[in-house]
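# Observations on the three-dimensional arrangement
Listed below, chain by chain, are the residues.
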Amino acid sequence: MDFRTGERRWRRLTGTGALYDNNWAPITLGPDGTAYIGVFNGIVAVRDGD
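Heads up: these notes are all about the structure in this document.

### Re the overall build of the chain
A count of helical and extended segments in the chain gives 0 helices and 3 strands. Helices and strands appear in the chain in the N-to-C order β-β-β. Seen through its principal axes, the chain has C-alpha atoms that stretch 30 × 20 × 20 Å. Looking at the 50 residues of the chain, the share that counts as buried comes to 16%.

If you want it as structure tokens, here you go:
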């Protein structure tokens, strides 16, 4: 999300079903911009490929 405009910049499906429910866990940003999200199945890391 662009914090200045509120516009969605990109989106990515990371999994479906109960094992990918983040159970309202926080999203943590790493120093390289990777978003780490805890899910029931473990941890999902999401990063921009550009």
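Back to the write-up after that little detour.
### Some remarks on the nonpolar core
By size, the foremost hydrophobic cluster in this structure holds 5 residues: Ala35, Ile37, Val39, Val44 and Val46. Of all the elements in the fold, those that place two or more residues in this core are strand E2 (35-39) and strand E3 (42-46). Take this core: its biggest share by element is 3 residues, from E2. Those residues in contact with Val44 that sit more than four places away from it in its chain are Thr14, Tyr20, Ala35, Tyr36, Ile37 and Val39.

### Here we look at the environment of Ile27
Along the chain, Ile27 turns up in strand E1 (residues 27-29). Among all residues touching Ile27, those that are not within four sequence positions of it are Ala35, Tyr36 and Ile37.

Conventions adopted
- Residues numbered from 1 in each chain as written.
- Predicted model: local features only at pLDDT ≥ 70, side-chain atom pairs only at ≥ 80, totals over all residues.
- Heavy atoms only, no water.
- Helix = DSSP H or I, 4+ residues; strand = E, 2+ residues; numbered from the N terminus.
- Buried < 20%, exposed > 50% of the residue type's maximum accessible area, 1.4 Å probe, protein only.
- Core = buried A, V, L, I, M, F, W, Y, C linked by side-chain atoms within 4.5 Å.
- Contact = heavy atoms within 4.5 Å.

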